[in-house]
Amino acid sequence: MLSYFNGYSFSVDVKVSRPILYIGLVLLWSISLYRMNLDIARSKLSPKRYGILASLKAVIALSLGTLLVFFGAGAKGVLVGLILGFIFPSFWMIIKEWYIVRRRYFDKNILLQLVKYGIPLITSFALNAVIHSSDRIMLGWIIGKSDAGLYSSGYNIAQQILIFSMSTINLAAYPIVVRSLEKKRLAETDKNLSMYFTILIGIALPITVGLSLLSKDISNIFLGQAYREAANRLIPWISIGIFFMGIRAFYTDMAFQLGKRTIGQASVLFIAAFVNIVLNILWIPNLGMIGAAYSTVLSCAIALFLSWFVGKKIFYLPFPFRDIFKIIFATFFMTFSLYLTSSMEGILGFVAKISIGILTYAICSILLNVGGVKKYLHTNIPLLNKSKN
């Protein structure tokens, strides 16, 4: 199919075999089962069981996928390995946890509440996918597949590092917040939320700044020659966009979830997805990859603002501004330390920069007592306890 836009021609030619589609469908089901079991472990505040599930999935998927590829299964072997990696740990959880499920526990009213609460979340996940994939799809359509591939390399580095860090914090904190709210301990909930946000931004902000400042080192060390220039240009912008997205997804959107008004979350993401598509249409033909990056930053910033603005009317979320300013101050000193070490090159130079940056940020955070870290250190480090006594 050949189409035209703003003087540019582009074609869409997608051919997927039926077996791959069937395998993909089974993969989606297995992912859903696996994620449901992860949430069971998470809701029970069981990091050990959560870790076992995640580790089993990684080991099984990698080993079986590699083995099947070795014996000539190709892409299908990789997908089958992933499916088995999701299913086997799920069976372990079914044996451990699902024995309590009985038909007599079925409650129609609870089911209706779950449907009302969950459908907007499903819509939100779909709109999130639009925001994160439309730029690459439209780059491929309007400019070419090679540009989409170059763009993906820089995008994925920033996304994987930031989202992994922020989601790890969210996985640990969210059940604690929900449990205190269910027990109607409002003061405790407020305290938990404040501490959670302090940790979230205290991890995400320096990582974002670090990715932006070290984009050249990251590109040169981890990517091939063909991808380096594009990634070096894109990583700083994509990091900012992912930072905005993470703060929204892992904090401000909690107002809709804790306030049980998830339709608001879907509405915000619908606007953001629409803006993202429009900006991609306007900017990609003239600016190419950097135009797609600009659209990501702006649409994620708009989504964050709308999430905060609409969400504050549904459920109050605290913003510990004093700690936020301390984190910004500590990040500034980290930035200065990276500037002083900018002449270091190669893998050893890169490791040295990261080490100096982390050390500088950690020392500043302790001196500024971000989130009451001094009290935590005195309580949990035996050596400090002894010196105090």
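Here, every reference points to the structure presented above.
Presented here is a report on the structure given in the accompanying data block. None of these values were measured; they are calculated from a predicted model.

The rules we used
- Residues numbered from 1 in each chain as written.
- Predicted model: local features only at pLDDT ≥ 70, side-chain atom pairs only at ≥ 80, totals over all residues.
- Heavy atoms only, no water.
- Core = buried A, V, L, I, M, F, W, Y, C linked by side-chain atoms within 4.5 Å.
- Buried < 20%, exposed > 50% of the residue type's maximum accessible area, 1.4 Å probe, protein only.
- Helix = DSSP H or I, 4+ residues; strand = E, 2+ residues; numbered from the N terminus.
- Contact = heavy atoms within 4.5 Å.
- Patch = residues over 30% accessible without salt bridge, like charges linked within 9 Å, V, L, I, M, F, W, Y side chains within 5 Å.
- Areas by Shrake-Rupley, 256 points an atom, 1.4 Å probe, with all protein chains shown as cover.
- Salt bridge = Lys/Arg side-chain N within 4 Å of Asp/Glu carboxyl O.
- Axes fitted to C-alpha atoms, helices over the stretch in contact; angles between N-to-C directions.
- Parallel < 35°, antiparallel > 145°, perpendicular 65-115°, else oblique.
- Left-handed = near helix turned anticlockwise from the far one by under 90°.
- Nonpolar A, V, L, I, M, F, W, Y, C, P; charged D, E, K, R; others polar.

With that settled, consider the nonpolar core. Judged by nonpolar contacts, the single largest core of 59 residues is most densely connected at Tyr151 and Leu200. Within the residue set of this core, elements represented by two or more residues are α4 (108-142), α5 (145-182), α6 (186-213), α8 (225-252), α9 (254-258), α11 (289-311), α12 (321-340) and α13 (346-368). At 12 residues, the largest contribution of residues to this core is made by α5. Not counting residues up to four positions away in its chain, the partners in contact with Tyr151 are Asp135, Arg136, Leu139, Leu234, Ile238, Met289, Ala292, Ala293 and Thr296.

It is worth spelling out a nonpolar patch on the surface at this point. Together, Leu25, Val26, Leu28 and Trp29 line one region of the surface with nonpolar side chains, adding up to about 410 Å² of accessible area. A residue is classified by how much of its surface remains accessible, and Leu28, at 53% relative accessible area, is exposed.

According to the stated counting rule, one finds four salt bridges in the structure shown. Residues Arg185 and Glu188 are paired through a salt bridge, measuring 3.6 Å at the closest nitrogen-oxygen approach. Residue class for Arg185 comes out partly exposed when judged on its relative accessible area of 41%. Note that Arg248 is salt-bridged to Asp253, the shortest N-O span being 2.5 Å. Per residue, the accessibility class of Arg248 equals that of Asp253, and both read buried.

To continue, consider the packing of α6 against α12. The contact between α6 and α12 brings their axes to 10 Å, and the two run at 25 degrees. It follows that α6 is roughly parallel to α12 by the angle criterion. As for how α6 packs across α12, the hand of that crossing is right-handed. The segment α6 lies against α12, with Phe197, Thr198, Ile201, Gly202, Leu205, Pro206, Val209, Gly210 and Leu213 engaging Asp323, Ile324, Ile327, Ile328, Thr331, Met334, Thr335 and Leu338. Its residues assigned to classes, the contact of α6 with α12 shows 11 nonpolar, five polar and one charged.

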